[in-house]
Amino acid sequence: MTISGLKGRSLLSLRELSGDEIRELLAKAADLKERTALGVNVPALAGKNIALIFLKPSTRTRVSFVVASTQSGAHPEIFNGDDIRFGVKESVRDIARVFGRVFDGIMFRGYEHATVAEFAQYAGVPVWNGLCDSYHPTQVLADLLTLRENFGDLEGLPLTYVGDGRNNMAVTLAIAAAKLGLDLRILAPKPLQPDPELIKELLAGRESERARVLVTESPEEALSGSACVYGDVWVSMGEEDQTQERIDLLRDLKVTSDLMALTGREDSIYLHCLPAFHLLDTETAIAHPDIREVDDEVFEGAQSRVFDQSENRMHTAKALMQLTIAG
Ligand code: CP
Ligand code: NVA
């Protein structure tokens, strides 16, 4: 499959890509992954410079984009919020124009989606949203690659997201469902369910008749026949003041072996964008023992593909940068 209308384009929410363009990116990522395994790097970005801007902390996104840049022949440079002081020392649009004159592509992790959108508008080079409060498209590309590796064709694939159904992951997965024809179920308590108007709007623009987004608080309804159970933290970055409230709303939806069994499928897998609370091994988990969204048994179990998924961040970042900068 070759489409390659991606040169010069940004990735802000996943809405801006067609289903075919997403499939092209996944095919490219799979090809680059195979080459990397053989020790072959494709220097498609030789001599290019990539900026990685983090207004929120990151591990996976940072390591993925750094290694993907380097293996593509480009130089990555990291900037933290304190370095730039967005909107304090200088306006977003002025900073965007400076970066756009100097860099060939820019990964931006921030808060409001409007900020990354404004940044992209003024930068004039490809900008990739490395997570904002509303969307996490570079993560979802890795999720889709992992699903493709396990199940092949994604059309009609039943997938259940469990947790805060309004957050950046749930919404971006719903966009992917509409584009690719996934059968997405969002399992969330009523106060954490996505805006029904948003789901209606996404499904109205669906690119496949098989696209479904079911929002429910019934584990049985959400999980029956599902090929994948997808988890995320209950408290997203920037929402730490809501920790106890979230634990109270979500404690019954912790992913356990019993919950996994509701899929009724032996081949179902567990995915999580990470970081995850599964053991009491972090300061936050020790302070809030009930914050664990998944049992260690599932996280470490035979159905878990979370570290394949994490590795796929790098391969998909590489495909994204190569196709949007070099074409
Ligand atoms: N999944 C993800 O985006 O991880 P980081 O926050 O560590 O980048
Ligand atoms: N919903 C999470 C995703 C982390 C990758 C957050 O925004 O913190």
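Everything quoted here is computed from the prediction, not taken from an experiment.

## Regarding the UniProt feature "domain: Aspartate/ornithine carbamoyltransferase Asp/Orn-binding" (unreviewed entry) in the protein
The positions that UniProt labels "domain: Aspartate/ornithine carbamoyltransferase Asp/Orn-binding" (unreviewed entry) are, in the present scheme, residues 156–323. Each end of residues 156–323 is marked by a C-alpha atom, and these two atoms are 27 Å apart; helix forms 40% of the span and strand 14%.

## Thoughts on the layout of surface pockets
By volume, the largest pocket is sized at about 640 Å³. Along the wall of the largest pocket there are 34 residues; nearest its centre are Val-233, Val-235, Ser-236, Met-237 and Pro-275. When residues of the lining of the largest pocket are traced back to their parent elements, those giving at least two are helix 2 (60–71) and helix 7 (168–180). Surrounding the second largest pocket, ten residues form its lining, Arg-23, Arg-148, Gly-152, Asp-153 and Leu-154 being those nearest its centre. Here the lining of the second largest pocket gets three residues from one element, more than from any other, and that element is helix 1 (residues 19–37). Across the lining of the second largest pocket, the residue classes tally to five nonpolar, one polar and four charged.

## Observations concerning the UniProt feature "domain: Aspartate/ornithine carbamoyltransferase carbamoyl-P binding" (unreviewed entry) in the protein
If you check UniProt for "domain: Aspartate/ornithine carbamoyltransferase carbamoyl-P binding" (unreviewed entry), the listed places come out as residues 9–149 in our numbering. Secondary structure over residues 9–149 splits into 50% helix and 14% strand, and the C-alpha atoms at its two ends are 26 Å apart.

## Things to note about the site of ligand 2
Residues in contact with ligand 2, as listed here, are Leu-131, His-136, Asn-167, Asn-168, Asp-232, Val-233, Ser-236, Met-237 and Leu-274. Asp-232 is positioned such that a nitrogen or oxygen atom in its side chain is 2.7 Å from a nitrogen atom of ligand 2. Note that a nitrogen atom of ligand 2 is positioned 2.7 Å from one of the side-chain N or O atoms of Ser-236. Coverage of ligand 2 by the protein chains reaches 96% of its 270 Å² of free accessible surface.

## A look at the packing of aromatic side chains
The full count for this structure, using the stated rule, is ten aromatic pairs. Where Phe-86 meets Phe-108, the ring centres are 5.3 Å apart and the plane angle is 90°; that geometry is what we call edge-to-face. On the criterion of sequence distance, the pair formed by Phe-86 in the loop between helix 3 (81–84) and helix 4 (92–102) and Phe-108 in strand 3 (residues 105–109) is long-range, its members being 22 residues apart. Here Phe-86 matches Phe-108 in class, with each residue buried. Among the aromatic residues, ring-to-ring pairing joins Phe-79, Phe-86, Phe-99, Phe-103, Phe-108 and Phe-119 into one connected group.

## Quick notes on the packing of helix 6 (residues 137–151) against helix 14 (residues 306–326)
To characterise two packed helices, one gives the angle between the axes of the helices and the distance between these axes. Here helix 6 crosses helix 14 at 115°, and the two axes come no closer than 8 Å. As judged from the angle between their axes, helix 6 and helix 14 are roughly perpendicular. For the crossing formed where helix 6 meets helix 14, the hand is right-handed. Of the residues in helix 14, those touching helix 6 at Thr-138, Gln-139, Leu-141, Ala-142, Asp-143, Leu-145, Thr-146 and Glu-149 are Asp-308, Gln-309, Asn-312, Arg-313, His-315, Thr-316 and Leu-320.

## Description of the nonpolar core
Core analysis: the biggest nonpolar cluster contains 88 residues, and Leu-14, Trp-128, Leu-144, Leu-147, Leu-184, Val-255 and Tyr-270 have the highest contact counts within it. Beyond its immediate chain neighbours, meaning those up to four positions away, Trp-128 contacts Leu-11, Ile-50, Phe-65, Gly-105, Ile-106, Met-107, Phe-108, Thr-138, Leu-320, Met-321, Thr-324 and Ile-325. Counting 19 residues, the second-largest nonpolar core is a separate cluster that includes Ile-95, Ala-120, Val-125 and Val-127.

Reading the values: the criteria
Within each chain, residue numbers correspond to sequence positions counted from 1 in written order. As they are written, the chains are lettered A onward and the ligands numbered 1 onward, keeping that order. For a predicted model such as this one, the threshold for reporting local features is a pLDDT of at least 70, and the threshold for listing and counting side-chain atom pairs is 80 or more; totals across whole chains, interfaces and linings nevertheless cover every residue. Only heavy atoms go into the side-chain values, all of them from the structure, while hydrogens and water stay out. UniProt positions are given in the numbering used here, feature names are shortened, and annotations may be inferred rather than shown by experiment. Secondary structure elements are defined from DSSP: runs of H or I of at least 4 residues count as helices, runs of E of at least 2 residues count as strands, and each element is numbered from the N terminus. Computed over the protein atoms alone on a 1 Å grid, cavities are sets of points where a 1.4 Å probe fits but cannot get out and pockets are open sets with protein on both sides within 12 Å along at least five of seven lines; a residue lines them when it has an atom within 4 Å of a point. Grid points are joined across faces, edges and corners, and a volume is the space filled by probe spheres set on the points. In this classification, Asp, Glu, Lys and Arg are treated as charged, Ala, Val, Leu, Ile, Met, Phe, Trp, Tyr, Cys and Pro as nonpolar, and every other residue, Gly included, as polar. We call a residue near a molecule or strand whenever a single non-hydrogen atom of that residue lies within 4 Å of it. Between N or O atoms, a polar contact is any pair within 3.5 Å; within protein, one atom must be a potential hydrogen donor and the other a potential acceptor, and residues adjacent in sequence are included only when both atoms are from side chains. Each accessible area value is a Shrake-Rupley result obtained with a 1.4 Å probe; residue values ignore everything except the protein chains displayed when judging cover. Any two of the Phe, Tyr and Trp rings considered here, Trp counted by its six-membered ring, make a pair once their centres fall within 6.5 Å; the pair's planes then place it as stacked at under 30 degrees, edge-to-face at over 60, or tilted in between. Residue burial is assigned from relative accessible area. The probe radius is 1.4 Å, only protein chains are included, and a residue is buried under 20% of its type maximum, exposed over 50%, and partly exposed in between. Throughout, an axis means a line fitted to C-alpha atoms (over the contacting stretch in the case of helices), and angles, computed between N-to-C directions, take values from 0 to 180 degrees. Oblique is the label for any angle not covered by the other classes, which are roughly parallel (under 35 degrees), roughly antiparallel (over 145) and roughly perpendicular (65 to 115). In this scheme, a crossing is called left-handed if the near helix is turned counterclockwise away from the far one by less than a right angle; it is called right-handed if the turn is clockwise. Any two residues whose heavy atoms approach within 4.5 Å at even a single point are treated as in contact. The term nonpolar core refers to a set of buried residues drawn from Ala, Val, Leu, Ile, Met, Phe, Trp, Tyr and Cys, joined through side-chain atoms within 4.5 Å.

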